[in-house]
Amino acid sequence: MTTTARSETLAVKTAAKPSVTPDRFATSLGVLTATLGSAVGLGNIWKFPYLTGENGGAAFLLIYLACTLLVGLPIIVTEHMIGRKGRGDAITSLRRLAPNGPWWLIGASGVLAAFLIMAFYSEVAGWVFAYIFKSASAGALSTDPATTSAAFDSLVTNPVLSLFWQWFVLILVGIIIMIGVSKGIEATTKRLMPVLFGLLLVLCVRSLTLPGAAEGLTFLFKPDFSKVTGEVILVALGLAFFKLSIGMGTMITYGSYYGDDQNIPVNASRVVFADLAVSLLAGIAIFPAVFAFGFQPEAGPSLLFITIPAVFASMPAGQVFMALFFVLTGIASLGAQLSLIEVPTAYLIHRFKMSRKWATIITISSLMVVGSTAALSNSLLSHVKLFGKSPFDLFDYVSSNILLPVGGLFLALLAGWVLRYDFFKEALSNGGKLKNERFVRFLYIIVAFVTPLLVFLILLNSLNLF
Ligand code: TRP
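Conventions used here
Residues numbered from 1 in each chain as written. Predicted model: local features only at pLDDT ≥ 70, side-chain atom pairs only at ≥ 80, totals over all residues. Heavy atoms only, no water. Helix = DSSP H or I, 4+ residues; strand = E, 2+ residues; numbered from the N terminus. Rg over C-alpha atoms; globule rule 2.2 N^0.38 Å. Buried < 20%, exposed > 50% of the residue type's maximum accessible area, 1.4 Å probe, protein only. Areas by Shrake-Rupley, 256 points an atom, 1.4 Å probe, with all protein chains shown as cover. Lys, Arg positive; Asp, Glu negative; His and termini not counted. Charge placed at Lys NZ, Arg CZ, Asp CG, Glu CD. Near = heavy atom within 4 Å. Nonpolar A, V, L, I, M, F, W, Y, C, P; charged D, E, K, R; others polar. Expected span 1.5 Å × (residues − 1). Bend = angle between axes of the 7 residues up to and from the residue. Contact = heavy atoms within 4.5 Å. Axes fitted to C-alpha atoms, helices over the stretch in contact; angles between N-to-C directions. Parallel < 35°, antiparallel > 145°, perpendicular 65-115°, else oblique. Left-handed = near helix turned anticlockwise from the far one by under 90°. Salt bridge = Lys/Arg side-chain N within 4 Å of Asp/Glu carboxyl O. Patch = residues over 30% accessible without salt bridge, like charges linked within 9 Å, V, L, I, M, F, W, Y side chains within 5 Å. Core = buried A, V, L, I, M, F, W, Y, C linked by side-chain atoms within 4.5 Å. Phe/Tyr/Trp six-rings, centres within 6.5 Å; stacked < 30°, edge-to-face > 60°. Lys NZ or Arg CZ within 6 Å of the ring centre and 35° of its normal.

Chemist: I'm lost on the overall build of the chain in this one. Help?
Modeler: Broken down by element type, the chain carries 18 helices and zero strands. The globule rule puts the C-alpha radius of gyration for 466 residues at 23 Å, and the 22 Å found for the chain is close to it. With respect to the three principal axes, the spread of C-alpha positions in the chain is 75 × 45 × 40 Å. For the chain, with 466 residues in total, the buried portion stands at 55%. Counting every atom, the chain has about 19,000 Å² of accessible surface; 69% of that belongs to carbon and sulfur. Across the chain, the centroid of the 31 positively charged side chains sits 10 Å from that of the 22 negatively charged ones.

Here you go:
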């Protein structure tokens, strides 16, 4: 072999070896904000409040907190750990760390989960973008439940509008990926996140000072366990997975960008905490207003869209703030969607050696077809029910409540029983440099024993087996 040839082979080898990837986050702040860019999205602002409202308030919130602590935190740490050790996307990292056995299937189920999530998430993001324009019209901005509900219904029962906004979002996401500005969008998302946080704070103050606001706080913080069923617990578990973007390998990819000296357990705890803070703010912005104006807490997926305008209607310059709110939420949803769409796109690139352009075109166009059944769930396809659910609800249910928890169950089993404690200790203390043995041992015990048992029991319980 000539010297040039050898150095070329070397160059190729080094390029393929992820340990020298330039895509490494230099600072802990970089990892934190990037991870939050995927985690914070419609799950916090739209899904968390509506599920809390639909499932009885404080009791649901408590169960959700328990799931976040006993399942969410340990699994996000596990995914980051697997990613940093495996230095690759989900399937590659899993193949490297656990070559024996079908553990890579977790990554494969993640591809399906990401696709199904995008099929309905893009529709909700479409509503968000539509509402930027609705804030300019009188109909949407009102404190009257009947008026704001009618404004929402006029959007979702109109097949042309529903489809238009979903396809608008999908094409926007596709363009962002194809012209290669995803990094730019992620950077924008990061910078705008504090603004969204600030605006949520303003909304909380307005909502909390409405006459009759106290009842909303009681609903959110005073538990009544009479509504808790096996199904409610499963929904809380599914929400914990969905909100933290775990159970399907997205966080493994983020872990692969971690530097060797960064503190995974601390960083993951911060992500969990910040994600929770955003959700709670959304809840405190919404529920006092729900009771002050006489909305129904169990309104379902429409909750955000019918109640937030009422809060804006009762503050000065409400229209401008409402437009800003939906712009920021729309951008946050784009950050989450970029992390989702990357999963099926990267799969097509690796599996079929496709170019990024074609992989994106195929993913986006299949989402336009499959997702349209979710977009039309309230109009042309309102009579279509599979297993008693509309296509929109079915995509959400199968991904959040089945695929993500099952993925999480297997990730916990892999980490606890195949990789084991010594692996944890070495990986999470950065080879002994961090003095965090107690925290790591605690996390290990949860991952190995508590997480899998809890997820397994919740899944079984929801089948009404006991
Ligand atoms: N966590 C995001 C949200 O709350 C949604 C999301 C992005 C997601 N990537 C994911 C959910 C991966 C599950 C898996 O809006």
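More follows now that the structure is in view.
Chemist: How should I be thinking about the site of the ligand in this particular structure?
Modeler: Around the ligand lies a shell of 17 residues, among which Ala 39, Gly 43, Tyr 121, Phe 242 and Met 248 are the nearest. Taken together, the elements giving at least two residues each to the shell around the ligand come down to α2 (28–39), α3 (42–54), α6 (105–134), α11 (230–243) and α15 (318–352). Classifying every residue of the shell around the ligand gives nine nonpolar, seven polar and one charged.

Chemist: It is not clear to me how helix α4 (residues 58–86) should be interpreted in this structure. Could you clarify?
Modeler: An ideal rise of 1.5 Å per residue puts 42 Å on 29 residues; α4 measures up with 40 Å between its terminal C-alpha atoms. The largest bend along α4 reaches roughly 40° and is located at Thr 68. Within α4, 23 of the 29 residues are buried, leaving the element largely enclosed by the surrounding structure.

Chemist: How do you make sense of the environment of Thr 147 when you look at a structure like this?
Modeler: Position of Thr 147 relative to the elements: it lies in helix α7 (residues 145–156). Between the C-alpha atom of Thr 147 and that of Ile 306, which follows or precedes it by 159 residues, the distance is 8.6 Å. Discounting residues that sit within four places of it in the chain, Thr 147 has contacts with Gly 139 and Ser 142.

Chemist: Looking at this model, I keep getting lost on the packing of α6 against α7. Mind explaining?
Modeler: For any two helices packed against each other, the geometry is given by the interaxial angle and the distance between the axes. Here α6 crosses α7 at 125°, and the two axes come no closer than 11 Å. Relative to α7, α6 is oriented oblique. For the pair α6 and α7, the crossing hand works out as right-handed. Along its contact with α6, which presents Trp 127, Ala 130, Tyr 131 and Lys 134, the element α7 presents Thr 148, Ala 151, Phe 152, Ser 154, Leu 155 and Val 156. Its residues assigned to classes, the contact of α6 with α7 comprises seven nonpolar, two polar and one charged.

Chemist: Which parts of the structure should I look at to understand the pattern of salt bridges?
Modeler: Once the charged atoms of two side chains with opposite charge are near each other, the side chains can pair. Enumeration over the complete set of coordinates arrives at six salt bridges. Glu 426 serves as the salt-bridge partner of Lys 85, at 2.8 Å between the closest nitrogen and oxygen. Taken together, the positions of Lys 85 in helix α4 and Glu 426 in helix α17 (residues 391–428) put the pair 341 residues apart, joining distant regions of the chain. Residue Lys 243 pairs with Asp 275 through a salt bridge whose shortest N-O separation is 2.8 Å. A residue pair is termed long-range when its members are at least 10 positions apart, and Lys 243 in helix α11 and Asp 275 in helix α13 (residues 264–293) qualify at 32 residues.

Chemist: How do you make sense of a nonpolar patch on the surface when you look at a structure like this?
Modeler: A cluster of nonpolar side chains, contributed by Trp 167, Ile 171, Ile 175 and Ile 179, occupies part of the molecular surface with about 370 Å² of accessible area. With respect to the helices and strands, Ile 175 occurs in helix α8 (residues 159–178). We classify Ile 175 as partly exposed; its relative accessible area is 42%.

Chemist: I keep staring at the nonpolar core and nothing clicks. Help me out?
Modeler: Across soluble globular proteins, you tend to see nonpolar side chains buried next to one another. Counting 146 residues, the largest nonpolar core has Trp 46, Trp 127, Tyr 131, Phe 305, Phe 325, Phe 326 and Phe 424 as the members making the most contacts within it. By residue number, the principal contributor to this core is α6, which donates 19 residues. Those residues in contact with Tyr 131 that lie beyond four places of it in its chain are Ala 140, Thr 148, Ala 151, Phe 152, Leu 155, Phe 305, Pro 309, Met 322 and Phe 326.

Chemist: Explain the packing of aromatic side chains here, please?
Modeler: Tallying each qualifying case throughout the model produces 27 aromatic pairs. Judged by centre distance (5.2 Å) and plane angle (85°), the rings of Trp 127 and Phe 152 are edge-to-face. Of this pair, Trp 127 sits in helix α6 while Phe 152 sits in helix α7, placing them 25 residues apart in sequence. Accessibility assignment for this pair places Trp 127 and Phe 152 in one class, buried. A centroid spacing of 5.3 Å and a plane angle of 45° characterise the contact between Tyr 131 and Phe 326, whose relative ring orientation is tilted. One end of the pair, Tyr 131, is in helix α6; the other, Phe 326, is in helix α15, with 195 residues separating them in the sequence. Exposure remark for Tyr 131: the relative accessible area of 0% places this residue in the buried category. Among the residues examined, Phe 326 registers a relative accessible area of 0% and is labelled buried. Against the face of Phe 242 rests Lys 47, its NZ or CZ located 4.0 Å from the ring centre. One residue, Lys 134, lies across the ring of Tyr 131, its end atom 5.9 Å from the ring centre.

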